[in-house]
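# A closer look at the structure
Here are the chains, one letter per residue:
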Amino acid sequence: MTNLFGLDRAQLRAAFAAMGEKPYRADQVMQWIYRRGQDGFDGMSNLSKDLRARLARHFEIRTPELVTEQVSTDGTRKWVLRLDGGNAIETVYIPEEGRATLCISSQVGCAMDCSFCSTAQQGFNRNLTTAEIIAQVWFAARTLGGDFHGQHWKDRDQPEDERGGRVISNIVFMGMGEPLANYSAVLPAIRILLDDFGFGLSKRRVTVSTSGLVPYMDRLREDVDTALAVSLHAPDDALRDEIVPINRKYPIAELLDACRRYTAGKDRKTHIVYEYVMLDGINDRPEHARKLAKLLAGMPAKVNLIPFNPFPQTRYRRSSPEAIQAFAKILRDKHILTTTRKTRGDDIDAACGQLVGKVMSRQKNRLGTRIGDVPVTTA
Ligand code: SAH
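Bear in mind that the values here come from a model prediction, so they are computed numbers and not experimental data.

### A closer look at the sheet that holds strand 12 (residues 272–278)
- Read across the sheet, 10 strands follow the order 3-4-5-6-9-10-11-12-13-14 without closing on themselves; strand pairing throughout is mixed. The open sheet is flanked by strand 3 (65–71) and strand 14 (337–340), the only strands paired with a single partner. Mean inter-strand twist for the sheet, computed between neighbouring axes without regard to direction, equals 20 degrees.
- In the sheet, strand 9 (residues 170–173) pairs with strand 10 (residues 206–210) via three bridges, with the strands oriented parallel. Residue pairing for strand 10: V172 is matched across the bridge by T207.
- Against the sheet, helix 5 (residues 130–143) engages strand 3, strand 4 (77–82), strand 5 (88–96), strand 6 (99–103) and strand 9, with an angle of about 130 degrees to strand 4.

Structure (structure tokens):
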């Protein structure tokens, strides 16, 4: 049985063609699922009874099972969703003034082995399928009362600060996993997020966050061109090699070249967000800020400082508010747009780098030891 959450429009049309059905029937089915929240074929009233029965024999619409839901005092919600084989992933909903962001996972665990991230400590089990990625979004919308009717999923071109009644206005691939290491599943998922018959989000409201898999940054630009966030975290290779081991394969100069290619020829408002986790005494000194400003000078860049979120057995501490402020000031004085990420949902361990899910039979091939061997799935 094929789970329909796993097929983008082109794939679904092809599947319908193979069944001898007209392609527009596929479009209708997508609308039922994503715009009207149907998870069964019975309610698809513009399809013949016969077609509905045939669909039910070939396809299913299946969401992961909810293990726990936690709601933070700040309104952030974290869902743990069970997958097959005893694995579980986490999905986080972050409502804010004027927007609401869903943070989704792309892998069970992660192989990138960043030293300050608790998902990394879990090791890597497997890639999520497109269906498992999309099901997180569908599940969240449905749970939040996104009835999929009318304006919840419409009015796509609202001004920046107006969510226009949507329960989810933005999607970020910042949950468990490295999305560009699971490119073949992430790409169709993005297509469904952007599709008018899917979730109908605009490109700038879907953000892929990467630790810096350079070749796939180029692919992403060619294929779907969403917003991009880059986990930089250090202003020189010596330090970045230590805390973001993929740097040993794609050092900062190559990474920033890829970033330049990503924004080349785009309008002046387009920039890349550089994420920078603030680790006390490690990467948070004034000289780090000055180096970072030099690196990013003249680039369409925004820096997002993320106060480190602790987890059990970590050797790191969060930088002091004073250190974070001083760091931000140095960047701003050099005319680099800088924001500090508000820590959300830390009372339910839903903050950045705290997502652990449940990773079964983890492979120990973390990058720290086997740098040449990133498990990447190509499209
Ligand atoms: N693999 C993707 C998505 C990771 S999560 C990536 O590397 O970009 C999103 C952000 O949270 C990344 O910038 C990541 O480096 C950061 N992060 C990880 N652990 C953290 C922690 N303990 N505290 C704060 N931020 C963390």
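There is more to say after this.
### Structural notes on the nonpolar core
- Counting 116 residues, the largest nonpolar core has F116 and Y274 as its most contacted members.
- If near-sequence neighbours (up to four positions away) are discounted, F116 is found in contact with H233, I243, V244, V277, L279, F308, F311 and Y316.

### Details of the side chain of S169
- Among the secondary structure elements, S169 is positioned in the loop between helix 5 and strand 9.
- Accessibility expressed as a relative area gives 1% for S169, which makes it buried.
- In this structure the side chain of S169 is engaged in a polar contact, spanning 2.6 Å, whose partner is the side chain of N170.

### Some remarks on the packing of helix 6 (residues 183–194) against helix 7 (residues 214–223)
- One way to put it is that helix 6 packs onto helix 7 with a least axis distance of 12 Å and a crossing angle of 25 degrees. Here helix 7 runs roughly parallel to helix 6, going by the angle between their axes. The two elements helix 6 and helix 7 cross, and the hand of that crossing is right-handed. The residues of helix 7 that touch helix 6, namely those facing Y183, L187, I190 and R191, are Y216, R219, L220 and D223.
- Tallied by class, the residues present in the contact of helix 6 with helix 7 amount to five nonpolar, no polar and three charged.

### Here's the deal with the pattern of salt bridges
- Across all of its chains, the model carries 21 salt bridges by this definition.
- In this structure, D225 engages K266 in a salt bridge whose closest nitrogen and oxygen atoms are separated by 2.5 Å. Highlighted residues: D225 in the loop between helix 7 and strand 11 (227–231) and K266 in the loop between helix 9 (252–263) and strand 12, separated in sequence by 41 residues.
- Across the pair R341 and E275 runs a salt bridge, and its minimum N-O distance is 3.3 Å.

### Considering the confidence of the model for the protein
- Within the protein, residue pLDDT values average 89, and 89% of them lie at 70 or more.
- Note that residues 149–163 has pLDDT below 50 and, in this model, 44 contacts with residues that lie over four places away or in other chains.
- Note that residues 367–373 has pLDDT below 50 and, in this model, 16 contacts with residues that lie over four places away or in other chains.

### Things to note about the site of the ligand
- In the vicinity of the ligand there are 20 residues, among which F116, S209, S231, H233 and N309 approach most closely.
- A distance of 3.2 Å is found between an oxygen atom of the ligand and a side-chain nitrogen or oxygen belonging to E275.
- Breaking the shell around the ligand down by element, the ones donating at least two residues are strand 10, strand 12 and strand 13 (301–307).
- Looking at the shell around the ligand residue by residue, the classes come out as 10 nonpolar, eight polar and two charged.

### What about the pairing of strand 3?
- Pairing between strand 3 and strand 4: six bridges, direction antiparallel. Bridge pairing links V71 to R77 in strand 4.
- The hairpin turn running from strand 3 into strand 4, its antiparallel successor, is five residues long, and G75 in that turn takes a positive phi close to 95 degrees.

### A closer look at the environment of A140
- One can find A140 in helix 5.
- The spacing of A140 and L102 is 38 residues in sequence and 8.0 Å in space, taken between C-alpha atoms.
- In contact with A140, not counting residues within four places along its chain, are W79, L102 and I168.

### As for the packing of helix 7 against helix 9
- Interaxial distance between helix 7 and helix 9 falls to 9 Å at its minimum, and their mutual angle equals 0 degrees. As summarised for this structure, helix 7 and helix 9 are arranged roughly parallel, according to the angle between their axes. Side by side, helix 7 and helix 9 meet where V214, M217, D218, L220 and R221 of the first sit next to E254, L255, A258, C259, R261, Y262 and T263 of the second.
- Of the residues in the contact of helix 7 with helix 9, the class split is seven nonpolar, one polar and four charged.

About the cut-offs
Residues numbered from 1 in each chain as written. Predicted model: local features only at pLDDT ≥ 70, side-chain atom pairs only at ≥ 80, totals over all residues. Heavy atoms only, no water. Pairing = 2+ DSSP bridges. Helix = DSSP H or I, 4+ residues; strand = E, 2+ residues; numbered from the N terminus. Axes fitted to C-alpha atoms, helices over the stretch in contact; angles between N-to-C directions. Contact = heavy atoms within 4.5 Å. Core = buried A, V, L, I, M, F, W, Y, C linked by side-chain atoms within 4.5 Å. Buried < 20%, exposed > 50% of the residue type's maximum accessible area, 1.4 Å probe, protein only. Polar contact = N/O pair within 3.5 Å; in protein donor to acceptor, adjacent residues only side chain to side chain. Parallel < 35°, antiparallel > 145°, perpendicular 65-115°, else oblique. Left-handed = near helix turned anticlockwise from the far one by under 90°. Nonpolar A, V, L, I, M, F, W, Y, C, P; charged D, E, K, R; others polar. Salt bridge = Lys/Arg side-chain N within 4 Å of Asp/Glu carboxyl O. pLDDT = per-residue confidence, 0-100. Near = heavy atom within 4 Å.

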